[in-house]
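Chain and residue survey
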Amino acid sequence: MKETLVILAHPNIETSTINRRWKEAIEQQLPNVKIRDLYSLYGQNFQIDVQAEQDACEQAERIVWQFPFYWYSCPPLLKKWIDDVLTDQWAYGKDGDRLHGKELLLAFSTGSGAERYHREGRNKYTVEELIFPFRATSNLIGTTFLPPYYFNGAYVATEEDIQTSIAHYMERLRM
Ligand SMILES: Cc1cc2nc3c(=O)[nH]c(=O)nc-3n(C[C@H](O)[C@H](O)[C@H](O)COP(=O)(O)O)c2cc1C
């Protein structure tokens, strides 16, 4: 299995039904996968230790951004992580090749069901369209953007749905 680093961004992991279960499953089933829980590390003041984050990224072959979908994007601390950690000369720009060749996986949950992520649905756009900024980011930093793993319909998820999603997500991490 590739050296995998999960950058987890959930503002309320203790009340989460999906991301908390995914996190617990990683801890139980995949002890070699490293998790950096951004809200636990930096939720107080949003002051990110850029060097520590970059060091962790450099050691990984695969980086996962795991989060609940907020306003068709990620929670603010992951956005700030992207702003602060993916620096010029390191992630992009002249000699900014430190992430080149690594894999990038998005793993996220949405409240709305899949039926809402269509032209005729309430959200009008597909999930794949909405995550284009992440694809563009991956392109700029030279990572391979893996097919995203996402779970639709967190609001109505049954225990069986959650178990299935855990199995699928763990499978993706094992690949
Ligand atoms: C501030 C906020 C914004 C949200 N925006 C969206 C959204 O744009 N699309 C969507 O499907 N769900 C949205 N949701 C619902 C969350 O995605 C959902 O509660 C989460 O994926 C469930 O995961 P969890 O059990 O790990 O918290 C939002 C929730 C909050 C609190």
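Cut-off values and rules
Residues numbered from 1 in each chain as written. Predicted model: local features only at pLDDT ≥ 70, side-chain atom pairs only at ≥ 80, totals over all residues. Heavy atoms only, no water. Near = heavy atom within 4 Å. Polar contact = N/O pair within 3.5 Å; in protein donor to acceptor, adjacent residues only side chain to side chain. Areas by Shrake-Rupley, 256 points an atom, 1.4 Å probe, with all protein chains shown as cover. Nonpolar A, V, L, I, M, F, W, Y, C, P; charged D, E, K, R; others polar. Phe/Tyr/Trp six-rings, centres within 6.5 Å; stacked < 30°, edge-to-face > 60°. Buried < 20%, exposed > 50% of the residue type's maximum accessible area, 1.4 Å probe, protein only. Lys NZ or Arg CZ within 6 Å of the ring centre and 35° of its normal. Patch = residues over 30% accessible without salt bridge, like charges linked within 9 Å, V, L, I, M, F, W, Y side chains within 5 Å. Salt bridge = Lys/Arg side-chain N within 4 Å of Asp/Glu carboxyl O. UniProt positions renumbered as here; feature names shortened; annotations may be inferred. Helix = DSSP H or I, 4+ residues; strand = E, 2+ residues; numbered from the N terminus.

The next subject is the site of the ligand. In the vicinity of the ligand lie 17 residues, with Ser16, Thr17, Phe69, Ser109 and Tyr117 positioned nearest. Separating an oxygen atom of the ligand from a backbone N or O atom of Thr17 is a distance of 2.7 Å. When the free accessible area of the ligand is taken as 630 Å², the share hidden by the protein chains comes to 77%. Along the lines of polarity and charge, the residues of the shell around the ligand split into nine nonpolar, eight polar and no charged.

This paragraph deals with the packing of aromatic side chains. Enumeration over the complete set of coordinates arrives at 13 aromatic pairs. For the pair Tyr39 and Phe46, a centre-to-centre distance of 6.0 Å together with 80° between the ring planes defines the contact as edge-to-face. Judged by relative accessible area, Phe46 falls into the partly exposed class, the value being 24%. An aromatic cluster is built from Trp65, Phe67, Phe69, Trp71, Tyr72, Trp81, Phe108, Tyr117, Phe134 and Tyr150, whose rings are joined through pairwise contacts. For Arg135, the ring lying beneath its charged end belongs to Phe132, and the centroid distance is 5.8 Å.

For the rest of this paragraph, the subject is a nonpolar patch on the surface. Together, Tyr70, Trp71 and Tyr72 give the surface a local cluster of nonpolar side chains, amounting to about 400 Å² of exposed area. Since its relative accessible area comes to 32%, Tyr70 is described here as partly exposed.

On to the UniProt feature "domain: Flavodoxin-like fold" (unreviewed entry) in the protein. UniProt's entry tags residues 3–173 with the feature "domain: Flavodoxin-like fold" (unreviewed entry), counted in the numbering of this structure. Secondary structure across residues 3–173 comprises 38% helix and 16% strand; the distance between its end C-alpha atoms is 10 Å.

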